[in-house]
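Residue strings, one per chain:
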Amino acid sequence: MAICNKCGIELHKDEKAIYKRLINRAATEEELLCKRCLAKKLSVDESVIDEKIRHFREIGCTLFM
Ligand SMILES: [Zn+2]
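Residues numbered from 1 in each chain as written. Predicted model: local features only at pLDDT ≥ 70, side-chain atom pairs only at ≥ 80, totals over all residues.

A. Local environment of the nonpolar core. Core analysis: the largest hydrophobic core is formed by nine residues, namely Ala17, Ile18, Tyr19, Leu32, Leu33, Cys34, Leu38, Ile49 and Ile53. Elements represented by at least two residues in this core include exactly helix 1 (13–22) and helix 3 (46–58). The biggest single contributor to this core is helix 1, with three residues. Each residue touching Ala17, except ones within four places of it in the same chain, is listed here: Leu63 and Phe64. (Core = buried A, V, L, I, M, F, W, Y, C linked by C-beta atoms within 7 Å. Buried ≥ 20, exposed ≤ 12 C-beta atoms within 10 Å, placed from the backbone. Helix = DSSP H or I, 4+ residues; strand = E, 2+ residues; numbered from the N terminus. Contact = placed C-beta atoms within 7 Å.)

B. Here's a closer look at the packing of helix 2 (residues 35–42) against helix 3. Between helix 2 and helix 3, whose axes approach to 8 Å, the crossing angle comes to 110°. Relative to helix 3, the element helix 2 is oriented roughly perpendicular. Counting all contacts with helix 2, which are made through Lys35, Arg36, Leu38 and Ala39, the residues of helix 3 involved are Glu46, Val48 and Ile49. A breakdown of the residues in the contact of helix 2 with helix 3 according to their chemical character gives four nonpolar, no polar and three charged. (Axes fitted to C-alpha atoms, helices over the stretch in contact; angles between N-to-C directions. Parallel < 35°, antiparallel > 145°, perpendicular 65-115°, else oblique. Nonpolar A, V, L, I, M, F, W, Y, C, P; charged D, E, K, R; others polar.)

C. Representation of unusual backbone geometry within the structure. Within the chain, Ser43 stands out as a residue other than glycine whose phi angle is a positive 55°. Structurally, the position occupied by Ser43 is in the loop between helix 2 and helix 3.

D. Quick peek at the packing of helix 1 against helix 3. Following both chains from N to C, one finds helix 1 and helix 3 inclined at 85°, their axes separated by 10 Å at the closest point. The orientation of helix 1 with respect to helix 3, classified from their angle, is roughly perpendicular. Where helix 1 abuts helix 3, its residues Asp14, Ile18, Arg21 and Leu22 lie against Ile49, Lys52, Ile53 and Phe56. Tallied by class, residues from the contact of helix 1 with helix 3 come to five nonpolar, no polar and three charged.

E. Highlighting helix 3. For helix 3, spanning 13 residues, the distance from its first C-alpha to its last is 19 Å, which sits close to the expected 18 Å at 1.5 Å a residue. One or two positions beyond helix 3, positive phi appears at Gly60, with a value near 80°. (Expected span 1.5 Å × (residues − 1).)

Next comes the structure, spelled out in structure tokens:
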């Protein structure tokens, strides 16, 4: 199982996918961040990350399958 590199929380598969989609497609499990830490890193609200997850799923991004 993958955990957040910052806060140690267990990661949902959407959180792994959005990290890869927004930060680095080749990210290793050790550098992944949860939604909240990713939002902080990007200086956006957590809801923005949710919105992006929904968007990428809608356009059929394979990371979210
Ligand atoms: Zn975290």
